[in-house]
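Results of the structural survey
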Amino acid sequence: MRSVDAPSDLVRRLRDRFVESGYTIDGVRERLGDMAASALAREEIVPAMRATRDGDPLAMLIRLWWLGAPISIAAADLPLHDLIEAGLLVRLGDAVQATVHLQPWDTGSGAPAWVVSDRKVRPGDPAIRGDHVVGAGGASANLAQLGVTGPVGRALDLGTGCGVQVLHLAGRAEEIVATDVNRRALRLARLSWRLSGVPEVDAREGSMYDPVAGERFDLVVSNPPFVISPAARLTYRESGFRGDDFCRDLVRLTPRHLDHGGHGRFLANWLHVKGEDWQDRVGGWLAETGCDGWAAQRDVQDPSEYVELWLRDSAEQGTSAYRERYDEWLAWFESMDVTGIGFGWIALHNSGAMDPVVRVEELPQQVELPIGAQVEEILEAIKLGHRMTDEALLDAFLAVADGVVEERMGPPGADDPSRIVLRQTRGLRRTTAVGTVEAALAGVCDGELPVRPLLAAIAEILGDDPADLLRRAPETLRPLIAEGYFRVASTR
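Residues numbered from 1 in each chain as written. Predicted model: local features only at pLDDT ≥ 70, side-chain atom pairs only at ≥ 80, totals over all residues. Heavy atoms only, no water.

Comments concerning the packing of helix α15 (residues 436-444) against helix α16 (residues 451-462)
Applied cut-off: All axes here are fitted lines through C-alpha atoms, helices being fitted over the stretch that makes contact, and every angle between N-to-C directions spans 0 to 180 degrees. Think of it this way: any DSSP run of H or I at least four residues long counts as a helix, any run of E at least two long counts as a strand, and we number them from the N terminus. Throughout this description, any angle smaller than 35 degrees is read as roughly parallel, any larger than 145 degrees as roughly antiparallel, any in the 65 to 115 degree range as roughly perpendicular, and the remainder as oblique. Helix crossings fall into two classes, left-handed where the near helix is turned counterclockwise from the far one by less than a right angle and right-handed where it is turned clockwise. A contact between two residues is defined here by any heavy atoms of the two lying within 4.5 Å. Each residue is assigned to one class: nonpolar for Ala, Val, Leu, Ile, Met, Phe, Trp, Tyr, Cys and Pro, charged for Asp, Glu, Lys and Arg, and polar for all the others, Gly among them.
Their axes nearest at 10 Å, the elements α15 and α16 cross at an angle of 125°. Classified by the angle their axes make, α15 and α16 are oblique. Judged by the sense of rotation from one axis to the other, the crossing of α15 with α16 is right-handed. Along its contact with α15, which presents T436, V437, A440, L441 and V444, the element α16 presents L454, L455, I458 and L462. Looking at the contact of α15 with α16, its residues break down into eight nonpolar, one polar and no charged.

Quick notes on the nonpolar core
Nonpolar side chains in soluble globular proteins tend to be buried together. As a reminder of what qualifies: Within this scheme, the nonpolar core is defined by two criteria: the residues are buried Ala, Val, Leu, Ile, Met, Phe, Trp, Tyr or Cys, and they are joined through side-chain atoms within 4.5 Å. Only protein chains enter the calculation, and the probe is 1.4 Å; a residue is then buried if its accessible area is under 20% of its type maximum, exposed if over 50%, and partly exposed in between.
Ranked by size, the top nonpolar core spans 119 residues in total, and within it Y23, W65, W294 and F333 carry the most contacts. Not counting residues up to four positions away in its chain, the partners in contact with F333 are I228, L271, P303, Y306, V307, V338 and I341. Counting residues in each nonpolar core, the second largest holds 28 residues, with A401, I420, V451 and Y485 among its members.

Re the pattern of salt bridges
It is possible for side chains of opposite charge to pair when their charged atoms get near one another. Convention followed: Counted as salt bridges are all cases of a side-chain nitrogen of Lys or Arg within 4 Å of a carboxyl oxygen of Asp or Glu.
For the structure shown, the criterion picks out 40 salt bridges. The partner of R13 in a salt bridge is D9, and the shortest N-O contact between them spans 3.1 Å. Residue R13 and its partner D9 are both found in helix α1 (residues 8-21); the two are separated by four residues, about one turn of the helix. Judged by relative accessible area, R13 falls into the partly exposed class, the value being 30%. D9 sits in the partly exposed class, given a relative accessible area of 38%. When salt bridges that share partners are traced, they join D9, R12, R13, D16 and D82 into one network.

A few points about unusual backbone geometry
Looking along the chain, the bond that leaves L369 and enters P370 is cis, with omega of 0°. With respect to the secondary-structure elements, P370 resides in the loop between β13 (358-362) and α13 (372-387). In this model, A315 sits at a positive phi of 55°, which is unusual for a non-glycine residue. Residues other than glycine seldom take positive phi values, yet D337 does so here, at roughly 60°. Structurally, D337 is set in the loop between α12 (322-335) and β12 (338-349).

Here's the deal with the packing of aromatic side chains
The test is simple: Centre distance within 6.5 Å is the pairing criterion for rings of Phe, Tyr and Trp, where only the six-membered ring of Trp is used; planes under 30 degrees apart are then read as stacked, over 60 as edge-to-face, and the remainder as tilted.
As enumerated under the stated definition, the model contains twelve aromatic pairs in all. On the numbers, 6.4 Å between centres and 80° between planes, the contact of F18 with W65 is edge-to-face. With F18 in helix α1 and W65 in helix α4 (residues 57-66), this residue pair connects regions lying 47 residues apart in the sequence. The pair F18 / W65 is uniform in exposure class, with both members buried. Taking 6.0 Å as the distance between ring centres and 65° as the angle between the ring planes, the aromatic pair formed by Y306 and F333 counts as edge-to-face.

Looking at helix α6 (residues 138-146)
Stated formally: This arc corresponds to the set of directions leading from the helix axis out to the C-beta atoms.
Buried within α6 are the following residues: S140, L143 and L146. When α6 is viewed along its axis, its buried side chains cluster within an angular range of 125° and face the same direction.

Notes on the state of the cysteines
The condition that has to hold: Defined by distance alone, a disulfide is two cysteine sulfur atoms within 2.5 Å.
A full pass over the atoms with the stated rule returns zero disulfides. Among the cysteines around C162, which has no disulfide bond, C247 carries the closest sulfur, lying 18 Å off. Residue classification places C162 among the buried positions, given a relative accessible area of 3%. Here C247 is not cross-linked by a disulfide; its sulfur's nearest cysteine counterpart is in C291, at 17 Å. A relative accessible area of 3% places C247 in the buried class.

Overview of the pairing of strand β2 (residues 89-92)
Selection rule: Being paired, for any two strands, means DSSP has found at least two bridges between them.
Both β2 and strand β3 (residues 95-98) contribute to a ladder of four bridges, which runs antiparallel. In the strand pairing of β3, R91 is matched with V96.

Here we look at the sheet that holds strand β16 (residues 419-424)
Spatially, β15-β16-β17 is the arrangement adopted by the three strands of the open sheet, whose pairing is antiparallel. Lying at the two open borders of the sheet, with one neighbouring strand each, are β15 (404-409) and β17 (431-434). When strand polarity is set aside, the average angle formed by the axes of neighbouring strands in this sheet is 30°. Both β15 and β16 contribute to a ladder of six bridges, which runs antiparallel. By the bridge assignment for β16, V405 is matched with R423.

Side note on the sheet that holds strand β1 (residues 71-72)
The three strands are arranged β1-β3-β2 in an open sheet whose pairing can be described as antiparallel. The sheet is open, and its two edges are formed by β1 and β2, each paired on a single side. Its contacts with the sheet place α4 against β1, β2 and β3, and it is angled at close to 55° to β3.

Examining the environment of S314
Threshold: Polar contact is the term for a pair of N or O atoms within 3.5 Å; when the atoms are in protein, one must be able to donate a hydrogen and the other to accept it, and sequence-neighboring residues count only if both atoms are side-chain atoms.
With respect to the helices, strands and loops of the structure, S314 is situated in the loop between α11 (303-313) and α12. Along the chain, S314 and P123 lie 191 residues apart, while their C-alpha atoms are 8.6 Å from each other. When residues no more than four places from it in sequence are discounted, the contact partners of S314 are V121, I128, R233, L234 and R237. Here the side chain of S314 touches L311 through a polar contact of 3.4 Å, landing on its backbone oxygen.

Describing the packing of α13 against helix α17 (residues 466-482)
To characterise two packed helices, one gives the angle between the axes of the helices and the distance between these axes. Relative to each other, α13 and α17 sit at 170°, their axes nearing to 7 Å. On the basis of their axis angle, the class for α13 and α17 is roughly antiparallel. The crossing of α13 and α17 is right-handed. Where α13 abuts α17, its residues I378, A381, I382, L384, G385 and H386 lie against R478, I481 and A482. Along the lines of polarity and charge, the residues of the contact of α13 with α17 split into six nonpolar, two polar and one charged.

None of this, on its own, says anything about what the molecule does.
Here it is in structure tokens:
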């Protein structure tokens, strides 16, 4: 591919062609059908190839730009000469083939958008180049779901790659800066933005925060090269830093670039090391920022699972180097006493608080998406749960949060349950076991009476000492407020 800085007129004609033919996220889903679309989400292209056998214009666009298959020149209703000149197509006899992967993308705004990247790598393909530009996928969608949903001033997409996060920021951010260490990534990202009608992006080349030294932003988002490996072979996923130091440094350096009230939202990997609590490790990163912070581990893999995942990602299964790289990677993990690798979300808020709060937790369950709009509420609940004095908590008017249900478990016919659970049916969908007192309080608190008289009444019903129950209550109620089971309706 010689260049992807295609002329503006060509970009406009290509976009118009996509819209006219229905080469949009909804159009492709409808054209392929549920089975082929689901298979394509798993990177299985055979059902999609079968679904596009008829050769209609939309089918040809899907085959050419998404599936990477050659199509005949006669069937290609496109400005072929100009696309070849721009390096986006190559001629193969009587056929043409795309040099890039160009797929529709759903930003949630309703406006059509497209993402341009290098062609997808599949088993049997040649080894991918070190500056390969990976397309948008599950991680991209994950970060977009975590993002701030309201309007922002200056926004930074650190490590923009194919530019997908900018598409989600467009229309909400007054100014967008996007950086990447990979020059080819920035060229492809510019094409993604121009095709999607987002021309005003300040794209800068460089590593980490180097391209924006001394600058501050209202929002920083990053899907960084978080893969933890012994060698930085592929720029899009590996930084060359030792272990999880890149993600650690990204978190530590972010506050220098956040305006007061600014937010950081990142994906990250972190190590689980023998003899060390991973929550202390990640919590230490957050505590050093001086910001309110929340980290949620969404998945954890043992070293062998992790290595297999990323060797599949680079289509190295079945190659002569597979076993050697697998063994080298495992030996490297073993040298650091690594027992697992976690993947998750990190959110920072530069609230300016003198006593910032930090929470690190596991969230392996499905959660209500998008989660981005809830992050500020999550941080606020953490603050309330930990900052309220015992007296203020007992005098607060609490209410059970929307979507919280109670489950009681025990042998059939038993008078008392052996276990009582509060479950969130919305939001983060946490589950926690509670005692009889907490369950009783959840059954009566509706924001109309403060906690103190409610607990006194519960103590009388249960035959407990009211003074002792009131003394013990704050310790058990704090985590329930911090985790969003109770909300503070009022502190009057």
